[in-house]
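# Residue-level structural notes
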Amino acid sequence: MEHMVNVYLFGKHYQVPDNLTIMTAMEYAGYQLKRGCGCRNGFCGACATIYRIKGQQELKMALACQTKVEDEMYIATMPFFPLVKQVYDIEKVKPEQQLMMQLYPEIYSCIGCNACTKACTQGLNVMQYIAYAQRGDFEKVSELSFDCVMCGVCSSRCPAGISHPQVAMLARRLYGKYMAPDAEHLAKRVKEIWDGNYEQAMKDLMSKSDEELKALYDQRDIEK
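Attention in this report is confined to the structure presented alongside it. None of these values were measured; they are calculated from a predicted model.

## Digging into the packing of helix H4 (residues 126–135) against helix H7 (residues 164–179)
Between H4 and H7, the shortest axis-to-axis distance is 10 Å and the interhelical angle comes to 50 degrees. Taken together, the axes of H4 and H7 lie oblique to each other. Considering only the axes of H4 and H7, their crossing is left-handed. Where H4 abuts H7, its residues Val126, Tyr129, Ile130 and Ala133 lie against His164, Pro165, Val167 and Ala168. Among the residues making up the contact of H4 with H7, the classes are represented as seven nonpolar, one polar and no charged.

## Here we look at the packing of aromatic side chains
Scanning the entire structure with this criterion turns up three aromatic pairs. Measuring from centroid to centroid gives 5.8 Å for Phe10 and Tyr31, while their planes differ by 50 degrees, and the two rings are tilted. Here Tyr31 lies in the loop between helix H1 (22–28) and strand E3 (48–53) and Phe10 lies in the loop between strand E1 (4–9) and strand E2 (12–17), a separation of 21 residues in the sequence. Look at Phe10 and you get partly exposed, because its relative accessible area is 45%. Look at Tyr14 and Tyr31: their rings are 6.0 Å apart centre to centre, the planes differ by 70 degrees, and that puts the pair in the edge-to-face class. One end of the pair, Tyr14, is in strand E2; the other, Tyr31, is in the loop between H1 and E3, and 17 residues separate them in sequence.

How each quantity is defined
Residue indices follow the written sequence of each chain, beginning from 1 at its first position. Two thresholds apply to this predicted model, a pLDDT of at least 70 for residue-level local features and 80 or more for giving and counting side-chain atom pairs, whereas whole-chain, interface and lining totals are computed over all residues. Heavy atoms throughout the structure, all of them, feed into the side-chain values; hydrogens and water do not. Working convention: axes come from line fits to C-alpha atoms, limited for helices to the stretch in contact. Angles between N-to-C directions cover 0 to 180 degrees. What counts as a helix is a DSSP run of H or I of at least four residues, what counts as a strand is a run of E of at least two, and both are numbered from the N terminus. Here the angle decides the label: under 35 degrees means roughly parallel, over 145 means roughly antiparallel, 65 to 115 means roughly perpendicular, and every other value means oblique. Take the far helix as your reference; a near helix turned counterclockwise from it by less than a right angle gives a left-handed crossing, and one turned clockwise gives a right-handed crossing. Residues are treated as being in contact if the distance between any of their heavy atoms lies within 4.5 Å. Ten residue types, Ala, Val, Leu, Ile, Met, Phe, Trp, Tyr, Cys and Pro, are classed as nonpolar, four, Asp, Glu, Lys and Arg, as charged, and the remainder, Gly among them, as polar. Two rings from Phe, Tyr or Trp (for Trp, the six-membered ring) form a pair when their centres sit within 6.5 Å of each other. Planes less than 30 degrees apart are called stacked, planes more than 60 degrees apart edge-to-face, and all others tilted. For every residue, the accessible area obtained with a 1.4 Å probe (protein chains only) is divided by the maximum for its type, and the residue is called buried under 20%, exposed over 50%, and partly exposed between those limits.

Spelled out as structure tokens, the structure:
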């Protein structure tokens, strides 16, 4: 028999199997998820959730699709958190510290509280990459923020009102366009696509049934 645990979804008590994620526990309890469920694999950041365990004061942040339920867990999902997204033309801007100062001056109001890092659902060192952004070190920002899923939880905890994911996105775009070494194999593949080398292969794929596509996927060569 399944081992059941007590959880509280938006204040209402339910008993659910202990092997479920928060997201599947909500569905087990009867919730029909139409928003905030996204990819269900931890990549889209849509299912940001806050919870605490009974008897503990610490408020924790997580993605509902990745986090297993615990006994006496009090759960509430977060609505979309609005981030400041500045408009810029990547073809016209340059990878200079002044650009960050112009578009996201609030990063210089960071008080070093580390609330962003503690809240990050991906375990990223958010405060550190903001420090690199202040210095215009876009390579370091790109490296430290690479696994960001734009859930916005870090920004929801920031007293300075920093939109950390958007700062990181700008840095990664600048680094990718102007600073990262050219990927020769990628340029070659893009040319092959533009030359039409894969048109027949795409037509063949489009003509296959779902079962045939699944079989191809299961039998694919996986690079080690």
